[in-house]
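Coordinate inspection notes
Single-letter residue listing:
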Amino acid sequence: MNKKLIYLDYAATTPVDKKVLKAMLPYFSEKFGNPMSLHSFGEFAKEATQKSRQQIASFLHCNLEEIIFTSGATESNNLAIKGIVKKYFFGKTKNLDTRCSMNKPHIITTVFEHHCVLNSLKFLEKSGQAEVTYLPVYKEGVVRAEDVKKAIKKNTILVSVMYVNNEIGTVQPIEEISKIVKNSREGAKTLYPIFHTDATQAINYFDCNVEKLGVDMLSLSGHKIYGPKGVGALYVRKGTPIEKTQDGGDQEGQKRAGTHNVPGIVGLGEAINQVKSQKSKVKNILSLRNYLIEKVLKEIKDVTLNGSKIKRSPNNANFTFKSVEGESLILMLDQLGIACSTGSACSSGSLKPSHVLMSLGIKTEESHGSIRITLGKYTTKKEMDYAIKTLENVIKKIRTISGDILKEF
């Protein structure tokens, strides 16, 4: 194949870093033991999982026992949300909270969270286990901390706000929200509310020191940070009332049953380790992203950048092009060797308008003309120039075709 291939969908997934792959390989064959086994094969595997746990704990500035390995951010988010609610009902017999009763608990989130968060909350609502408040994010795609404060009620047990939005890349005021949650908790002299953040898109680019952020739980995933797919972690602050949601063995401090994915866990630890040395690469990504935004807004007519330009991840650009159908644009760009997306990878097969773009006040018909371009550490200036020029030409072609069709009616 001679076609030039340019990958600009790093928010969907990333290629495994060569150093990460090298670290993983021995645990598929030579060191294949189960960490729960007492013999030497098990000890080798246990040492590897603990090393990874230490690498992640060091990155997040937390204790080893506060890290729970999962299959990815989706499981981490499910465990964080459903585990808190489950413990709330179980905890009433253990005097965990003076307010804890069989009254329906209240949860606060935003309207544009990842589907694994929103669908988990819809499940809890439908099954009668919780009531949920969905906060707006306005045109800029940023939730207001004061809205969180106003939404907290006596029965609020959880606040879950993502760190960086996966579609438009906007950054949420996590530290500010955490102070509000903490003040509410201390004022009521209770364990609740708990504050959780989905930091899946933040790990590569932002400070994830949990002490500084002030969060009680934080979700992350390996394949977003040049690690393997099928592995992730959930940070749970010591003392946080959470119950396991998956039954089985006693793995992960009895918080997550299931045989450890040792190669994946090793890869996750090494990927986290690599993030620490990427500051120069982040500057390059930001420079290229700003170049992309500037050129697209200047060279292409009737285009809008979705979400805040300032409070935004360094690698994300989400555009709406008037009189352009996003799916057609994606397919035509792909034929020319450029890979990007219309939104999150989890929703790419859906014809429904993006709930993220709708939350910004964008009309349904306009949302269908949007694409997400996300850069990574392997993106080059040459690739960016080619992508911008190709994007310009393809949009002109689509608009010409659309105009010709309209003339026939």
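Points about the overall build of the chain
Assigned secondary structure in the chain consists of 14 helices and 12 strands. Taking 2.2 N^0.38 as the reference for a compact globule, 409 residues should give roughly 22 Å; the C-alpha atoms of the chain span a radius of gyration of 22 Å, in line with that estimate. Dimensions of the chain, computed from the C-alpha atoms along their principal axes, are close to 70 × 55 × 35 Å. Counting only residues that meet the buried cut, the chain has 55% of its 409 residues in that class. For the chain, restricting intrachain contacts to residue pairs at least 6 apart in sequence, the fraction spanning at least 24 positions comes to 73%. As presented, the chain carries roughly 18900 Å² of accessible surface, and 53% of it is formed by carbon and sulfur atoms. Charge centroids of the chain, computed over 59 positive and 41 negative side chains, lie 2 Å from each other.

Looking at the environment of Asn 183
Examined against the element boundaries, Asn 183 turns out to sit in helix H6 (residues 174-188). Relative accessible area serves as the criterion here: at 51%, Asn 183 is assigned to the exposed category. Sequence separation between Asn 183 and Lys 149 is 34 residues, and the spatial gap between their C-alpha atoms is 9.8 Å.

Focus: the side chain of Thr 240
Note on placement: Thr 240 falls in the loop between strand S8 (232-236) and helix H8 (251-254). Only 2.8 Å separates the side chain of Thr 240 from the backbone oxygen of Arg 237, close enough to count as a polar contact. With residues up to four places along the chain from it excluded, the contact list for Thr 240 reads Ile 84, Ile 194, Asp 216 and Met 217.

Describing the layout of surface pockets
Counted as a void, the second largest pocket has a volume near 420 Å³. Around the second largest pocket, the lining comprises 24 residues; the ones closest to its centre are Glu 65, Ile 67, Glu 252, Gly 253 and Lys 255. Mapped onto the lining of the second largest pocket, the elements with two or more residues apiece are helix H2 (40-60), strand S2 (67-70) and H8. The class makeup of the residues in the lining of the second largest pocket is seven nonpolar, seven polar and 10 charged.

Things to note about the sheet that holds strand S12 (residues 370-374)
Adjacent strands of a sheet form backbone hydrogen bonds with each other and so pair up, either parallel or antiparallel. Taken together, the three strands give an open sheet; going across it, the order is S9-S10-S12, and neighbouring strands pair in antiparallel fashion. Sheet topology places strand S9 (303-305) and S12 at the edges, where each strand pairs with a single neighbour. Along the sheet, successive strands turn relative to each other by an average axial angle of 25 degrees, direction set aside. In terms of strand pairing, S9 meets strand S10 (residues 316-321) through three bridges, oriented antiparallel.

Overview of the pattern of salt bridges
Enumeration according to the criterion identifies 13 salt bridges in this entry. For Asp 9, the salt bridge identified is with Arg 372, shortest N-O distance 3.1 Å. With Asp 9 in the loop between strand S1 (6-7) and helix H1 (18-24) and Arg 372 in strand S12, the pair connects residues that are 363 residues apart, well separated along the chain. By relative accessible area, Asp 9 is classed as buried at 11%.

Thoughts on helix H4 (residues 115-126)
Here H4 spans 16 Å end to end across 12 residues, near enough to the 16 Å set by a 1.5 Å rise per residue. Of the positions making up H4, those classed as buried are Cys 116, Val 117, Leu 118, Ser 120, Leu 121 and Leu 124. Along its buried surface, H4 packs onto helix H3 (73-90), strand S3 (106-110), strand S4 (131-135), strand S5 (156-160) and helix H12 (355-359). Looking one or two residues past H4, Gly 128 carries a phi angle of roughly 75 degrees, positive in sign.

Some remarks on the domain arrangement of the chain
Each domain of the chain was delimited in the assignment, giving domain 1 (18-276) and domain 2 (279-408). Of note, the centres of domain 1 and domain 2, computed from C-alpha atoms alone, are 30 Å apart. With 24 residues of domain 1 in contact, the opposing surface of domain 2 contributes 27 residues. Contact between domain 1 and domain 2 buries roughly 2100 Å² in total, counting both sides, with carbon and sulfur atoms accounting for 55%. Looking at the side of domain 1 facing domain 2, the largest losses of area belong to Glu 167, Ile 168 and Tyr 205, adding up to 35% of the total buried there. Summed over the shared surface of domain 1 and domain 2, the number is 10 residue pairs in polar contact (both at pLDDT 80 or more). In terms of residue class, the side of domain 1 that touches domain 2 is built from 12 nonpolar, eight polar and four charged.

What counts and how
- Residues numbered from 1 in each chain as written.
- Predicted model: local features only at pLDDT ≥ 70, side-chain atom pairs only at ≥ 80, totals over all residues.
- Heavy atoms only, no water.
- Helix = DSSP H or I, 4+ residues; strand = E, 2+ residues; numbered from the N terminus.
- Rg over C-alpha atoms; globule rule 2.2 N^0.38 Å.
- Buried < 20%, exposed > 50% of the residue type's maximum accessible area, 1.4 Å probe, protein only.
- Contact = heavy atoms within 4.5 Å.
- Areas by Shrake-Rupley, 256 points an atom, 1.4 Å probe, with all protein chains shown as cover.
- Lys, Arg positive; Asp, Glu negative; His and termini not counted.
- Charge placed at Lys NZ, Arg CZ, Asp CG, Glu CD.
- Polar contact = N/O pair within 3.5 Å; in protein donor to acceptor, adjacent residues only side chain to side chain.
- 1 Å grid on protein atoms, 1.4 Å probe; cavity = no way out; pocket = protein on both sides within 12 Å on 5 of 7 lines; lining within 4 Å.
- Points joined across faces, edges and corners; volume = space filled by probe spheres on them.
- Nonpolar A, V, L, I, M, F, W, Y, C, P; charged D, E, K, R; others polar.
- Pairing = 2+ DSSP bridges.
- Axes fitted to C-alpha atoms, helices over the stretch in contact; angles between N-to-C directions.
- Salt bridge = Lys/Arg side-chain N within 4 Å of Asp/Glu carboxyl O.
- Expected span 1.5 Å × (residues − 1).
- Domains from an automatic or database assignment.
- Buried area = accessible area lost by both parts, 1.4 Å probe.

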